[in-house]
Amino acid sequence: MIFPGRALTRRPRRLISGDGALGGLLLGIVILLALVAPWLPLPDPLTNNLADTFLPPGSETASGMHWLGTDQLGRDLLARILAGTRLSLMVVLLAAAIAAVIGTLLGMLAGYVGGWLDAVIMRLMDIQLAVPFILLILLVMALFGTSLENIILIMGVTSWAIYARVARAKTLELRELEYIEAVRAMGFSTPRILLRHILPNLATPLVVLLTLDIPRLIVLEASIGFLGMGIQPPTPTLGNLIGEGRSYMLLAEWLVLWPGLIIAALVVGCNLLGDSLLRKTHTRLD
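Owing to the predicted nature of the structure, the values given are computational and were not obtained by experimental measurement.

This paragraph deals with the overall build of the chain. Scanning the chain for helices and strands turns up 11 helices and two strands. Reading the secondary structure of the chain in the N-to-C direction produces α-α-β-β-α-α-α-α-α-α-α-α-α. Intrachain contacts of the chain at a sequence separation of at least 6 include 72% that bridge at least 24 residues. A total of about 15,100 Å² of accessible surface is found on the chain, and carbon and sulfur atoms cover 70% of it. If you average the places of the 21 positive and of the 19 negative side-chain charges in the chain, the two averages end up 12 Å apart.

This part takes up helix H10 (residues 238-245). Of all eight residues in H10, eight are buried, a share of seventy percent or more. Of all the positions in H10, only Leu238, Gly239, Asn240, Leu241, Ile242, Gly243, Glu244 and Gly245 are classed as buried.

The next thing to look at is the side chain of histidine 197. Within the secondary structure layout, histidine 197 lies in helix H9 (residues 190-226). Its relative accessible area of 19% is what places histidine 197 among the buried residues. Here histidine 197 is in contact with Tyr179, Ile180, Val183, Phe188 and Arg192, once residues within four sequence places are set aside.

As a further point, take the nonpolar core. Judged by nonpolar contacts, the single largest core of 40 residues is most densely connected at Ile137, Met141, Met155, Ile218, Ile263 and Leu266. Among the secondary structure elements, those contributing two or more residues to this core are helix H2 (18-36), helix H3 (77-113), helix H5 (133-144), helix H6 (148-157), H9, H10 and helix H11 (254-285). It is H3 that contributes the most residues to this core, 10 residues altogether. Ignoring sequence-local partners within four residues, the contact set of methionine 141 consists of Thr146, Ile151, Ile154, Ile224 and Met229. Listed in part, the 15 residues of the second largest apolar core include Ala99, Met108, Leu194 and Ile198.

On to the packing of aromatic side chains. Aromatic rings in a pair are described by how distant their centres are and how their planes are angled relative to each other. Counted by the stated rule, this structure contains one aromatic pair. Ring centres of phenylalanine 54 and tyrosine 248 lie 5.3 Å apart, and the angle between their planes is 50°; on these two criteria the pair is classed as tilted. Of the two residues, phenylalanine 54 is situated in the loop between H2 and strand E1 (59-61) and tyrosine 248 in the loop between H10 and H11; the sequence distance between them amounts to 194 residues. Cation over ring: arginine 192 sits above phenylalanine 188, and NZ or CZ is 4.2 Å from the ring centre.

So, how was this worked out
- Residues numbered from 1 in each chain as written.
- Predicted model: local features only at pLDDT ≥ 70, side-chain atom pairs only at ≥ 80, totals over all residues.
- Heavy atoms only, no water.
- Helix = DSSP H or I, 4+ residues; strand = E, 2+ residues; numbered from the N terminus.
- Contact = heavy atoms within 4.5 Å.
- Areas by Shrake-Rupley, 256 points an atom, 1.4 Å probe, with all protein chains shown as cover.
- Lys, Arg positive; Asp, Glu negative; His and termini not counted.
- Charge placed at Lys NZ, Arg CZ, Asp CG, Glu CD.
- Buried < 20%, exposed > 50% of the residue type's maximum accessible area, 1.4 Å probe, protein only.
- Core = buried A, V, L, I, M, F, W, Y, C linked by side-chain atoms within 4.5 Å.
- Phe/Tyr/Trp six-rings, centres within 6.5 Å; stacked < 30°, edge-to-face > 60°.
- Lys NZ or Arg CZ within 6 Å of the ring centre and 35° of its normal.

And the structure:
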């Protein structure tokens, strides 16, 4: 016999157990440090100090303790990594939100309306998926510039296709259900049906997809910064920190090591969390 009280106490443990908990822990630590960095006793990430160049991790100077060392201009690496993490995450999350909104709306329209609209959206989707993301983004940024707003918009607009595919497939399934046919027979408009009856049922698969797609955007943003096409120094991002440090790898390997580890922690954390959510979603469906 299962008592309700015991069932309620077991449920939270299942939700935070296993690799999902490890992924959430990795993400939580990195995000928390990045958010509280402005209030930590760290040097200014943009202030040069040529007397303290290439100090190894753990060095202490008059400006304070440099836990991860300093770079070629004497700037504290920990302060720059946390500032760069905060900016990179903002870019990635805003781009992911733009991609999810555009892709979900187009996918719902394609799946529910069908006909020529479905054909046009699917062909646009095929074209989008056929062009390599990195080449398309580099081309657009070369034409329109590398401002923060442009990077966010370009990454968002070029990442909608995967969300559209999932939304379209789920909408094709939902539109044949009896309750959708009932509200359609009651004379409800298409926008109302999509927003009030289709969209809530897409929330779970889209959230899971979002957690699995964010790692790709993190690596993409870092790649753009590494190639020098992203946000320009001295403003730090995880990508341009590695790009700056690659010229000094033999002299100060920590300039590349620590930003790379932060990128790895974010990617692994998101993947673990996304895989855990995906398994739970399949378990509930079964």
